Amino acid sequence: MMVERQTDILTPEAVEEILGTGTRVPTTREAMAHQLRVTFFPYGRTTPRLDAFVEKLRVSLRRCGATLIEFGDAIDGTTGKLRDGIVVVAPGELDTGNTPVDHAANLRRVTFMGILDRPAPLDDELHPQEKLNSIVRELAWSILQVIVYLQDEVWTICTMNGAVIRCTNDDALDGDVLGTLVPKLAAPVVPPHADDFDLREGALNVMTDELRAYADDFASSSVLWRRTGLLLFHTSVATLEFRTNFYKRIAAAYLDNRSGMSYGFLARQPAAAVRAALTAEEFARLDGQNVNDPRGVWKIGDKRFVRAKVLPEPLFVEAPDVWMLSTRSGCDKTNIDVERDLVLTGLVNGTIVFMTPNGLCAKVDCKPSYDTTAILAHAMGNALVASLLKRIDPLSRFVAGFESSGMALAHWHGDLDHDALPQGYFIHGTLNPPVSCSTHQSAIYALTGKLHALKESLQSEVSFLGDVHIEPHHGVNVTWKSLKSLAEWLLKRQERDERHAGRVISSVGYTTKS
């Protein structure tokens, strides 16, 4: 069942508090546009067609609300480098030694987009992995997060996470700029670094009684995931060409010395006891709380509570610490070694904890998933949904499963057949701005979308079992009871009706804006 109606189930302050975003995050296209500060790199070798397109792009960005500044004003007078938060648009062919990255102090705090007057280097007949590799090769050559290819009738946007979006080269670009390009620039791919989190190296042992069953789910399902064909493996840095060793070192630092970029993840949320949500009267009795506080979030001792409006009368829910056992960035998700390829992440009082396996060889590239914040947002969403349902529907199958065996989450670049989903699984996110997976926006959409799905299930009187979070131009996140049962369901769908296979199997190729 599709869910798109947006409602204020949680306050923005509550979302910020429980996800630990720190500041207000723009979640609409318009808000993202108004926060953009864009400059145009003046040193590329352009063509008349490219110059005409760039002028249209300038006009459109202004009309959408972005602030345009001259390149000289984008440079910090003290450091001689680009100021933080700047988006640099670089039209034309660039010269080694004078690309945008040569003017940057920290690639993680600026965004680079190139525009080239030539077709995108993609062939519709290529395998999805080959398409992905071709995109990443182009981005790596000039160290760009986004690249646009220009032709007479179309312009094609390509990003680091494999998105390829064809837009029409009309006289006015406003619709595509606001709808598609602005979210790509305002919320680009930024690979998380291990030291961004509370890093606990060697602290994970998946063979404990608490985690062994979940590790077994990864092990027993990985061969099934290979058969689905959904999980693209890896684009290795070793296969990429860089202009010089300097550019290669810049890319390595940006990627936190990852061996490459992998796509998709598998995750398991351990079972946990659920505290039923409280009524306003019950919550008011906790230290005399003001249930009408407009912030909608409270700290009582070491616990946090949020007000959730999934029913006419609000309920008050404890936002607990949540944990996810997931695949490490860069591993082969279809051939999992559970003692090498799994990491444990937690959202603990708004702080992300990242645990790596004990006894891990120093040569193993153990980095957090690009999707870490979204993974934990799904875990928090599951915990809140379970708490609300325990109050509303004590016999809920979702609550029983959450408390006894936890939940599973799988992400791949592609889609699935929405009509084939069993009753009780709700779809959300198709109309969200197409942001990247590593962003706060992606995490916020995961959390709030899951709660919207619960509200829709209550209004339609269909028991909530799970959800499918669509990330436009990117992929899907599917919440299910186990990784093995989800892979089995996907294989049955593929085998039952070949007509559905093209919709179920991942496809990183040309993407329409619909």
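Just so it is clear, the structure is predicted and the values come from calculations on it, not from any experiment. (Residues numbered from 1 in each chain as written. Predicted model: local features only at pLDDT ≥ 70, side-chain atom pairs only at ≥ 80, totals over all residues. Heavy atoms only, no water.)

Moving on: the overall build of the protein chain. Scanning the protein chain from terminus to terminus reveals 13 helices and 22 strands. Taking the principal axes of its C-alpha atoms as reference, the protein chain extends roughly 65 × 50 × 45 Å. Across the 514 residues that make up the protein chain, the buried fraction comes to 60%. Of the roughly 20900 Å² of accessible surface on the protein chain, a fraction of 48% belongs to carbon and sulfur atoms. For the protein chain, the distance from the average position of its 54 positive side-chain charges to the average position of its 64 negative side-chain charges is 2 Å. (Helix = DSSP H or I, 4+ residues; strand = E, 2+ residues; numbered from the N terminus. Buried < 20%, exposed > 50% of the residue type's maximum accessible area, 1.4 Å probe, protein only. Areas by Shrake-Rupley, 256 points an atom, 1.4 Å probe, with all protein chains shown as cover. Lys, Arg positive; Asp, Glu negative; His and termini not counted. Charge placed at Lys NZ, Arg CZ, Asp CG, Glu CD.)

Two numbers describe how helix α9 (residues 372–392) lies on helix α11 (residues 440–460): the axes approach to 8 Å, and their chain directions differ by 25 degrees. Relative to α11, α9 is oriented roughly parallel. Our pair here, α9 against α11, has a crossing hand that is right-handed. On α11, the residues touching Thr373, Ala374, Ala377, His378, Met380, Gly381, Asn382, Leu384, Val385, Leu388, Leu389 and Ile392 of α9 are Ser442, Ala443, Ala446, Leu447, Lys450, Leu451, Leu454 and Leu458. Of the residues that constitute the contact of α9 with α11, the class distribution is 14 nonpolar, 5 polar and 1 charged. (Axes fitted to C-alpha atoms, helices over the stretch in contact; angles between N-to-C directions. Parallel < 35°, antiparallel > 145°, perpendicular 65-115°, else oblique. Left-handed = near helix turned anticlockwise from the far one by under 90°. Contact = heavy atoms within 4.5 Å. Nonpolar A, V, L, I, M, F, W, Y, C, P; charged D, E, K, R; others polar.)

The sheet built from 7 strands is open, its strands ordered β3-β2-β4-β5-β6-β7-β8 with mixed pairing. Strand pairing shows two members of the sheet lacking a second neighbour, β3 (67–68) and β8 (164–168), which therefore form its edges. Relative to strand β7 (residues 154–159), helix α5 (residues 174–186) is tilted by about 25 degrees, and along the sheet it contacts β4 (86–91), β5 (111–116), β6 (146–150), β7 and β8. (Pairing = 2+ DSSP bridges.)

For soluble globular proteins, nonpolar side chains are generally found buried alongside one another. Core analysis: the biggest nonpolar cluster contains 53 residues, and Leu10, Ile18, Leu19, Leu384, Leu388 and Leu447 have the highest contact counts within it. It is α9 that contributes the most residues to this core, 11 residues altogether. Leave out the neighbours within four places in its chain, and Leu447 touches Leu10, Val15, Ile18, Leu19, Ala377, Met380, Gly381 and Leu384. Ranked by size, the runner-up nonpolar core spans 42 residues in total, among them Leu116, Leu132, Val136 and Met261. (Core = buried A, V, L, I, M, F, W, Y, C linked by side-chain atoms within 4.5 Å.)

So, about the pattern of salt bridges. If you walk through the whole model with that rule in mind, you get 25 salt bridges. The closest approach of N and O atoms between Asp84 and Arg109, which form a salt bridge, is 3.0 Å. One end of the pair, Asp84, is in the loop between β3 and β4; the other, Arg109, is in the loop between β4 and β5, with 25 residues separating them in the sequence. Between Lys303 and Glu318 there is a salt bridge whose closest N-O contact spans 3.7 Å. Of this pair, Lys303 sits in strand β14 (residues 303–308) while Glu318 sits in strand β15 (residues 315–318); the two residues are 15 residues apart in sequence, bridging distant segments of the chain. (Salt bridge = Lys/Arg side-chain N within 4 Å of Asp/Glu carboxyl O.)

Looking now at the sheet that holds β15. Strands sit in the order β13-β14-β15 across an open sheet of 3 strands; the sheet is antiparallel. Edge positions in the sheet fall to β13 (297–300) and β15, since each of these pairs with one other strand and no more. Between one strand axis and the next, the sheet turns by 30 degrees as a mean value, whatever way the strands run. Relative to β15, β14 is paired through 4 bridges, and the arrangement is antiparallel. Opposite Arg307, over in β15, you have Phe316 as the bridge partner.

This brings us to the confidence of the model for the protein chain. On average, residues of the protein chain carry a pLDDT of 90, and 94% of them reach 70 or more. Counting interchain partners and residues more than four positions distant, the pLDDT-below-50 stretch residues 2–6 has 18 contacts. Within the model, the stretch residues 500–514 combines pLDDT values under 50 with 50 contacts to residues more than four positions away or in other chains. (pLDDT = per-residue confidence, 0-100.)

What follows is about the side chain of Arg307. Mapped onto the elements of the fold, Arg307 is located in strand β14. Although buried, Arg307 forms no salt bridge, and the nearest oppositely charged side chain, Asp293, lies 6.2 Å from it. Only 3.0 Å separates the side chain of Arg307 from the backbone oxygen of Asp293, close enough to count as a polar contact. Those residues in contact with Arg307 that sit more than four places away from it in its chain are Ile9, Leu10, Thr11, Val291, Asn292, Asp293, Pro294, Gly296, Trp298, Pro314, Leu315 and Phe316. (Polar contact = N/O pair within 3.5 Å; in protein donor to acceptor, adjacent residues only side chain to side chain.)

Excluding glycine, most residues fall at negative phi; most peptide bonds, likewise, are trans. One non-glycine residue with positive phi stands out, namely Asn349, at about 50 degrees. One can find Asn349 in the loop between β17 (342–348) and β18 (351–357). A relative accessible area of 44% means that Asn349 is categorised as partly exposed. In this structure, His473 takes a positive phi of about 65 degrees despite not being glycine. Within the element layout of this structure, His473 appears in the loop between β21 (466–471) and β22 (475–480). Classification of His473 by relative accessible area gives buried; the value is 13%.

The next point concerns the environment of Ala277. In this fold, Ala277 is placed in the loop between β12 (265–269) and α8 (280–284). Judged by relative accessible area, which is 0%, Ala277 ranks as buried. When residues no more than four places from it in sequence are discounted, the contact partners of Ala277 are Glu282, Leu315, Phe316, Val317, Ser387, Leu388 and Arg391.

So, about the state of the cysteines. All chains considered together, the criterion is met by 0 disulfides. With no disulfide of its own, Cys331 lies closest to Cys366 among cysteine sulfurs, the gap being 9.2 Å. (Disulfide = S-S within 2.5 Å.)

Moving on, we come to helix α3 (residues 48–64). In an α-helix, one turn spans 3.6 residues, which is why side chains three or four residues apart end up on the same side. In this model, α3 (17 residues) spans 25 Å end to end at C-alpha, consistent with the 24 Å of a helix rising 1.5 Å per residue. Turning to α3, its buried residues are Leu50, Phe53, Val54, Leu57, Ser60, Leu61 and Cys64. Down the axis of α3, the sector holding all buried residues measures 130 degrees, keeping them to one side. Seen from the buried face of α3, the exposed residues on the opposite side, beyond 90 degrees, are Pro48 and Arg63. Backbone geometry just after α3 places Gly65 at a positive phi near 110 degrees. (Expected span 1.5 Å × (residues − 1). Arc of directions from axis to C-beta.)

We now examine the packing of aromatic side chains. Per the counting criterion, the structure on display carries 15 aromatic pairs. Where Phe41 meets Phe71, the ring centres are 5.4 Å apart and the plane angle is 85 degrees; that geometry is what we call edge-to-face. You can see Phe41 sitting in the loop between β2 (37–40) and α3 and its partner Phe71 sitting in the loop between β3 and β4, a full 30 residues away along the chain. For the residue pair Phe41 and Phe71, the accessibility class agrees, reading buried in each case. Relative to Phe402, the ring of Phe398 lies with its centre 6.4 Å away and its plane at 20 degrees, an arrangement referred to as stacked. (Phe/Tyr/Trp six-rings, centres within 6.5 Å; stacked < 30°, edge-to-face > 60°.)

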